[in-house]
Amino acid sequence: MMAGVAEDEEKWLTAGIAGLQQNAFYMHRAMDSNNLRDALKYSAQMLSELRTSKLSPHKYYELYMRAFDELRKLEIFFKEETQRGCSVVDLYELVQHAGNILPRLYLLCTVGSVYIKSKEAPARDILKDLVEMCRGIQHPLRGLFLRSYLSQISRDKLPDIGSEYEGDADTIMDSMEFVLQNFTEMNKLWVRMQHQGPARDKEKREKERSELRDLVGKNLHVLSQIEGVDLDLYKETVLPRVLEQVVNCKDDIAQHYLMDCIIQVFPDEYHLQTLEILLDVFPQLQPSVDIKTVLSQLMERLSNYAALSAEALPEFLQVEAFSKLNNAIGKVIEAQADMPVFGAVTLYSSLLKFSLHVHPDRLDYADQVLGSCVKQLSGRGKIEDSKATKQIVALLSAPVEKYNNVVTALKLSNYPRVLEYLDNETNKIMASVVIQSVMKNNTRITTAEKVEALFELIKGLIKDLDGTAHDEVDEEDFKEEQNSVARLIQMLHNDDPEEMFKIISTVRKHILSGGPKRLPFTVPPLVFSSVKLIRQLQGQEENPFGDEAATTPNKVFQLLSQIIEALSNIPAPDLALRLYLQCAEAANDCDLEPVAYEFFTQAYILYEEEISDSKAQITAIHLIIGTLQRMHIFGVENRDTLTHKATGYSAKLLKKPDQCRAVYACSHLFWVDDQVNMKDGERVLLCLKRALRIANAAQQMLNVARGAVGSLTLFVEILNKYWFPHSITVFFHRTQK
């Protein structure tokens, strides 16, 4: 059926074009022979083709443009006729004898253009006559195109300041009145199209109207180009008249388009000075009008105006732009009770961007917007609408992007309250945005209070939110998220030890609530931050009065012990053992023997009770040996105990080669060049001989298993140990004896 209608329209258009071209041919022949009457006759017949009602707006436009081209040639002919002695007044009267009203009015407008150029009568009188005469066409489509033609031929002939048609002061008002009247009539015709035809064709009519909207909007563009329309005229006459038409038409398509047109065509400074008048209209618009888009465009234009012109900033303060916009949004939301969450959040997101661009120093404005948004979201629970969620993310991202400093965003008390309405997945996205901002701008978070606020913002990444299950999370994404949190912890620093200890305690409180899966990622950076604090406190004397408030290495070590203990309970024994050994080294540097011994004890307990994998045991025992070798704080008894344990663990490894390597590594524990009390040559040789015995046993086992001589690698490695300076010295003394 649709295909059939399209074919019929194509046939009617083809027939209309053919008739138009035929009459245009005879019109041209008459013009060439200077035959005015025949030219008028055939031009009227040509224009009669525009009387059709069978064409859609798109097809009618094609026909109209062909007629328009011919009318421009006819206008030139009329001008030449007046130069040959024909009275333009008589010509103006003559064309009014055309039989049909539509061709008559097109010809009248064409001659009227020549009449104005001749200046034989005031332009305002001719324009007033033409705009009144066009009332004769009330068919929406034909009337729109006729008035569009009138607007087109008159736009360069309007009396205006600096124009050749300029008259007294009142002529500006006449030009303005002409355009406003033409605009009003065109809008009425445009709206009337919506109510013609059956209800089933509503969508089709709306589409056709959208194709014609620029015909109406051009009038507002013409108004904005009139030099004489200053701010006072715009405020007192133009804007009220246009807005009155917008409100009274009660058509959602027209209201949305015309409000958008007003915002786009008139200067920004006019909008600023008439903001209250403009905003008062929004609550009066139809509920189905997409107000959020129009209002957002208005705020965006004003923001750009403020950015481009620093001189305009005092004007924004003078007219209280922010307050008026905020009140207007509240009234719009109140008037449109059915407005979805997406619409309300979009409005507040645009208002926040406006505030951040125009009043970047007024954080109270930004917080006020967030508070209004919270008020709209209250009672709705988690927002599940994807469009609304996207707008909330844009709302929350705006302060972070504007200030390039999360610390500034932390001052907004309503910021975390808005976050509460995001679902878990979006909460993570927002947390990642915050962390990325900290990393990108190298932001230092320097107080425990700010850290508390920051971790409240990123809680989606540091702990499981309600309804989040681990099996729903992609493993790679989870690792990336936790690595970003780990990097963030490294950005938390204060040179004051007291404040830094508070920061570490705050972070500890949050990460220990993150669950066992997160601790292996978040505990290590916290431990190293704590060790860094200990290095800073190194050598500090204990307070003789036992002031508990003072931060001391002992106090930090106690906290570290609790943190690593939580990690060892996951269990993650390998990582916990490494961290215990790191802490033992830090205690060694602080000359805290009991603390260092305790950390080694905890590492040994983990090794004995938790580490059962043979490869993990090999790694662990070498870490223990390496760390113990660097320790200088232990007395003879404690060192012997720890060394004996390490040697015993080495000899109990599963495989002989591993035993051998661990045992000869233990030889380093008994001879340290820069420590006098750690040079026990006898025990060095005992370790090396024991390693040789294990190597021999391993060799024999290989011989039995394979029936051939095994590798000599272990013997070469032991020989290398004998070549160490301390081994040579011990061996030399033995041979001397």
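The rules behind these values
- Residues numbered from 1 in each chain as written.
- Predicted model: local features only at pLDDT ≥ 70, side-chain atom pairs only at ≥ 80, totals over all residues.
- Heavy atoms only, no water.
- UniProt positions renumbered as here; feature names shortened; annotations may be inferred.
- 1 Å grid on protein atoms, 1.4 Å probe; cavity = no way out; pocket = protein on both sides within 12 Å on 5 of 7 lines; lining within 4 Å.
- Points joined across faces, edges and corners; volume = space filled by probe spheres on them.
- Helix = DSSP H or I, 4+ residues; strand = E, 2+ residues; numbered from the N terminus.
- Nonpolar A, V, L, I, M, F, W, Y, C, P; charged D, E, K, R; others polar.
- Phe/Tyr/Trp six-rings, centres within 6.5 Å; stacked < 30°, edge-to-face > 60°.
- Buried < 20%, exposed > 50% of the residue type's maximum accessible area, 1.4 Å probe, protein only.
- Lys NZ or Arg CZ within 6 Å of the ring centre and 35° of its normal.
- Expected span 1.5 Å × (residues − 1).
- Axes fitted to C-alpha atoms, helices over the stretch in contact; angles between N-to-C directions.
- Parallel < 35°, antiparallel > 145°, perpendicular 65-115°, else oblique.
- Left-handed = near helix turned anticlockwise from the far one by under 90°.
- Contact = heavy atoms within 4.5 Å.

Per an unreviewed UniProt entry, the protein is named Vacuolar protein sorting-associated protein 35, and its organism is Trapa natans. Taken verbatim from the UniProt record of the protein, the Sequence similarities (unreviewed entry) comment is "Belongs to the VPS35 family." As recorded by UniProt, the Function (unreviewed entry) comment attached to the protein reads in full: "Plays a role in vesicular protein sorting."

## Quick notes on empty space enclosed by the protein
In this approach, a probe sized like a water molecule rolls over the atoms, and the result shows the empty space that is left. Counted according to the given criterion, the structure contains one cavity of 30 Å³ or more. Empty space within the largest cavity amounts to approximately 40 Å³. Ser151, Ser154, Leu158, Phe178, Val179, Asn182, Asn219 and Val222 are the residues that line the largest cavity. Those elements that provide at least two residues to the lining of the largest cavity are α7 (140-154), α8 (170-192) and α9 (202-225). Among the residues making up the lining of the largest cavity, the classes are represented as four nonpolar, four polar and no charged.

## Some thoughts on the packing of aromatic side chains
With the rule as written, the count across this model stands at 24 aromatic pairs. Each ring, one from Tyr92 and one from Tyr115, has its centre 5.2 Å from the other, and the planes form 55°; the classification is tilted. Of this pair, Tyr92 sits in helix α4 (residues 88-94) while Tyr115 sits in helix α5 (residues 101-118), and the two are 23 residues apart along the sequence. Taken as a pair, Tyr92 and Tyr115 share a single burial class, namely buried. Aromatic side chains Phe600 and Tyr604 sit 6.0 Å apart centroid to centroid with 70° between the ring planes, which places their arrangement in the edge-to-face category. Taken together, the residues span about one helical turn, with Phe600 and Tyr604 both in helix α30 (residues 593-609) at a distance of four residues. Comparing Phe600 with Tyr604, the two get one shared label, buried. Sitting over the face of the ring of Phe342, Lys387 holds its NZ or CZ atom 5.8 Å from the ring centroid.

## Structural notes on α7
In this model, α7 (15 residues) spans 21 Å end to end at C-alpha, consistent with the 21 Å of a helix rising 1.5 Å per residue. Extensive coverage of α7 is indicated by the burial of 14 of its 15 residues.

## With respect to the layout of surface pockets
Space inside the largest pocket adds up to approximately 440 Å³. Taken together, 21 residues make up the lining of the largest pocket; nearest its centre are Ser53, Leu55, Ser56, Pro57 and Glu208. Among the elements that line the lining of the largest pocket, the one with the most residues is α9, at four residues. In the lining of the largest pocket, the residues fall into eight nonpolar, six polar and seven charged.

## Some words on the packing of helix α23 (residues 448-457) against helix α26 (residues 497-511)
The geometry of α23 relative to α26 is characterised by a closest axis approach of 8 Å and an angle of 20° between their N-to-C directions. Classified by the angle between their axes, α23 and α26 sit roughly parallel to one another. Between α23 and α26 lies a crossing whose hand is right-handed. On α26, the residues touching Ala448, Val451, Glu452 and Phe455 of α23 are Glu499, Lys502, Ile503, Thr506, Val507, Lys509, His510 and Ile511. Looking at side-chain class alone, the contact of α23 with α26 contains six nonpolar, two polar and four charged residues.

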